[in-house]
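Topology and contacts: notes
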Protein chains: 2
Amino acid sequence: MNKVYVVGLGPGGSEFMTAAAQAALERSDVLCGYTVYVDLVAPLYPEKERYTTPMTKETDRCRWALETARKGRTVAMVCSGDAGVYGMAGLILQLAADFPEVEVEVICGVTAALSGGAVLGAPLGHDFCVISLSDLLTPWEQIEKRLECAAEGDFAVCLYNPASRKRKDYLQKACDILLRRKSPETVCGWVRNIGREGQTSRVLTLQALRDEELDMFSTVFVGSSATQNIAGWMVTPRGYEKK
Amino acid sequence: MNKVYVVGLGPGGSEFMTAAAQAALERSDVLCGYTVYVDLVAPLYPEKERYTTPMTKETDRCRWALETARKGRTVAMVCSGDAGVYGMAGLILQLAADFPEVEVEVICGVTAALSGGAVLGAPLGHDFCVISLSDLLTPWEQIEKRLECAAEGDFAVCLYNPASRKRKDYLQKACDILLRRKSPETVCGWVRNIGREGQTSRVLTLQALRDEELDMFSTVFVGSSATQNIAGWMVTPRGYEKK
């Protein structure tokens, strides 16, 4: 069959994978993706062929998957979290226009906003934004503008890619933008290594978040003005209690 | 054990449930929740007790779950989609302050933004907002303000609860607000009955979306200025193709 599944694995091993994701991996001949993510699931399917590329080779990887499917094999392009949210589904569908004989199916998964949210409590219990702080593919001015609008709209905010070795001060810059409109006492939280060994998390104020040293394995949550710290849980109420 | 699991079921039956969600249901003595959601999973666990309440009885339902756990039983409070995103996790944690002997664990699930997104392609492939159009618990002015900020920040937007019998024209009102700042040609989409029998979807322009008649079983996606209609898929590129 000429098919590419783009599969969201969820945060870690198989515990947070959906049954549909597992079925897609089982039906595939080849597991393809960023090395770290393929290594997460390859032990479950030792007999399957693997094709991995490093972090910056996304276009090569997706083109390889489509070319391999054109040759009659079924390929699973695996993504951490969801297949669509900062995942490979978009790029595969963009390139798939050149491969009309290949069928593409996107299999959703639990993105870090949800898996990290569950660790902290319910930080995204009302309207929220998801913003990546990585400026590898996005101009910093656009990220800044979105942070300003998220604060202006009093959304709860989930920040992906809050820092990396090359972007040590990005979280601090983002917090400074949010602090122009939000209280320094705003309830915030972060989770590191969600659903994996060594998972850690913390609930803290926006002022304290500004000075945290996080890395690319961390997901950050900034509350709305309604968000509360309830016995160490980060909770953005929907408003049921007001009825 | 004095425990309440707040469990996100994903969009429909068991196909999009995670292994962790299934394990939590298996460990529970009682399945508790909104009637429609309990009915989705009860057939998988015919031996388990059920406690269901209608849509507006959320506080009663959560208090019952905590009281039942205090008596020594393990309760699964089931939620459609994710446990936190417009789910019961927040309310349970708010009320749990009165039940210090009860342990609460939140189990994430695939929310409609992700499951509906996979049906359409990759509408949320870059930064996005999730906004509920229901004003049962949120003043309409706040919803309007958030729509304005989402448009101003050029986010992709996912709209929950776009309409109901009592709120027939809310999607139209929301589109009119977005149209003040966004092109009428903005690529949009909707999915109805995600992951259930009778699933339908459509990709269309913002101008056309304004006049769609949808219902409470629909999830709506409004693109950013970068979102494209690629062979009928709704795709918001991350920007890999520019490298």
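Going by the structure above, here's the rest.
Here's a quick rundown of the structure. (Residues numbered from 1 in each chain as written. Chains lettered and ligands numbered in written order. Predicted model: local features only at pLDDT ≥ 70, side-chain atom pairs only at ≥ 80, totals over all residues. Heavy atoms only, no water.)

**Observations regarding the overall build of chain A**
- Of the regular secondary structure elements, chain A holds eight helices and 13 strands.
- On C-alpha atoms alone, chain A measures out to a radius of gyration of 19 Å, which is about the 18 Å that the 2.2 N^0.38 rule sets for 243 residues.
- The proportion of buried residues among the 243 residues of chain A is 60%.
- Sequence-distant contacts in chain A: of pairs separated by 6 or more residues, those separated by 24 or more amount to 69%. (Helix = DSSP H or I, 4+ residues; strand = E, 2+ residues; numbered from the N terminus. Rg over C-alpha atoms; globule rule 2.2 N^0.38 Å. Buried < 20%, exposed > 50% of the residue type's maximum accessible area, 1.4 Å probe, protein only. Contact = heavy atoms within 4.5 Å.)

**Re the relation of the copies chain A and chain B**
- The two copies are related by a screw motion: chain A maps onto chain B through a turn of 180 degrees and a shift of 0.0 Å along the axis, at an RMSD of 0.0 Å. Expressed as an axis order, the relation between the two copies is that of a two-fold axis.
- Of the interface residues in chain A, 100% have counterparts in chain B that sit at the interface too, so the contact is made through matching surfaces. (Least-squares fit on C-alpha atoms with pLDDT ≥ 70 in both.)

**Topic: helix α1 (residues 19-27) of chain A**
- If you check which residues of α1(A) are buried, you get A20(A), A21(A), A24(A) and L25(A). One face of α1(A) carries all of its buried residues, which in axial projection span an arc of 140 degrees. (Arc of directions from axis to C-beta.)

**Focus on the interface of chain A and chain B**
- Taken together, the contact between chain A and chain B spans 64 residues of the former and 64 residues of the latter.
- Summing both sides of the interface, chain A and chain B together bury roughly 5,700 Å²; the carbon and sulfur share of this comes to 63%.
- On the chain A side of the contact with chain B, L137(A), R146(A) and Y240(A) bury the most area, a combined 14% of that side's loss.
- Between the two partners, chain A and chain B, sit four salt bridges.
- Note that R146(B) and D127(A) form a salt bridge whose closest N and O atoms lie 2.9 Å from each other.
- If you look at where chain A meets chain B, you find 24 residue pairs in polar contact (both at pLDDT 80 or more).
- Partitioned by chemical class, the residues of the side of chain A that touches chain B number 30 nonpolar, 22 polar and 12 charged. (Buried area = accessible area lost by both parts, 1.4 Å probe. Salt bridge = Lys/Arg side-chain N within 4 Å of Asp/Glu carboxyl O. Polar contact = N/O pair within 3.5 Å; in protein donor to acceptor, adjacent residues only side chain to side chain. Nonpolar A, V, L, I, M, F, W, Y, C, P; charged D, E, K, R; others polar.)

**Side note on the packing of helix α3 (residues 58-70) of chain B against helix α4 (residues 89-96) of chain B**
All names here are of chain B.
- One way to put it is that α3 packs onto α4 with a least axis distance of 10 Å and a crossing angle of 60 degrees. As summarised for this structure, α3 and α4 are arranged oblique, according to the angle between their axes. The crossing of α3 and α4 is right-handed. Contact residues: E58, T59, C62, R63, A65 and L66 in α3; L91, I92, L95 and A96 in α4. (Axes fitted to C-alpha atoms, helices over the stretch in contact; angles between N-to-C directions. Parallel < 35°, antiparallel > 145°, perpendicular 65-115°, else oblique. Left-handed = near helix turned anticlockwise from the far one by under 90°.)

**What about the packing of aromatic side chains?**
- For the coordinates displayed, the defined rule picks out eight aromatic pairs over all chains.
- With a centroid separation of 5.0 Å and an interplanar angle of 85 degrees, the aromatic rings of Y34(A) and Y37(A) are classed as edge-to-face.
- The exposure class of Y34(A) is buried, given its relative accessible area of 15%.
- Since its relative accessible area comes to 21%, Y37(A) is described here as partly exposed.
- On the basis of an interplanar angle of 55 degrees and a centroid distance of 5.2 Å, the ring pair of Y86(B) and Y160(B) is categorised as tilted. Taken together, the positions of Y86(B) in the loop between β4 (74-79) and α4 and Y160(B) in strand β8 (residues 156-160) put the pair 74 residues apart, joining distant regions of the chain. (Phe/Tyr/Trp six-rings, centres within 6.5 Å; stacked < 30°, edge-to-face > 60°.)

**Observations regarding the environment of F99(A)**
All names here are of chain A.
- Inspection of the secondary structure assignment puts F99 in the loop between α4 (89-95) and β5 (103-107).
- When the C-alpha atoms of F99 and G13 are compared, they prove to be 32 Å apart, with 86 residues separating the residues in sequence.
- Dropping the residues within four chain positions of it, F99 is found in contact with R63, L66, E67 and R70.

**Re the packing of helix α6 (residues 140-152) of chain A against helix α6 (residues 140-152) of chain B**
- The contact between α6(A) and α6(B) brings their axes to 9 Å, and the two run at 175 degrees. Judged on the interaxial angle alone, α6(B) and α6(A) are roughly antiparallel. Together, K145(A), C149(A) and E152(A) of α6(A) and K145(B), C149(B) and E152(B) of α6(B) make up the contact between the two elements.
- Its residues assigned to classes, the contact of α6(A) with α6(B) shows two nonpolar, no polar and four charged.

**Observations concerning the sheet that holds strand β13 (residues 233-235) of chain A**
Residue and element names in this part refer to chain A.
- With mixed pairing, the three strands of this open sheet are ordered in space as β6-β13-β12. With one partner strand each, in any of the chains shown, β6 (121-122) and β12 (228-230) form the two edges of the open sheet.
- Sheet topology note: the β6/β13 ladder contains two bridges and is parallel. Bridge assignment links G121 to a residue of β13, and that residue is M234. (Pairing = 2+ DSSP bridges.)

**Focus on the pattern of salt bridges**
Residue and element names in this part refer to chain A.
- Within the structure shown, the criterion is met by 26 salt bridges over all chains.
- Between D211 and R210 there is a salt bridge, with its nearest N and O atoms 2.9 Å apart.
- Take R210: its relative accessible area is 22%, and that puts it in the partly exposed class.

**Some thoughts on the sheet that holds β4(B)**
Residue and element names in this part refer to chain B.
- Taking strand neighbours across the sheet as the criterion, the five strands line up as β3-β2-β4-β1-β5 in an open arrangement whose pairing is parallel. Looking at the sheet topology across the chains shown, the edges are occupied by β3 (49-53) and β5 (103-107). Strand-to-strand twist of the sheet, defined as the mean angle between neighbouring strand axes without regard to direction, takes the value 20 degrees.
- Here strand β1 (residues 3-8) runs beside β5; their pairing, made up of five bridges, is parallel.

**Some remarks on the nonpolar core**
- Membership of the largest hydrophobic core comes to 132 residues, with the highest contact counts inside it found for V6(A), L25(A), V4(B), V6(B) and L25(B).
- Ranked by the residues each element gives to this core, the list is headed by α4(B), at six residues.
- Listed in part, the 52 residues of the second largest apolar core include C149(A), C175(A), V220(A) and L209(B). (Core = buried A, V, L, I, M, F, W, Y, C linked by side-chain atoms within 4.5 Å.)

Just geometry here; none of it tells us what the structure is for.
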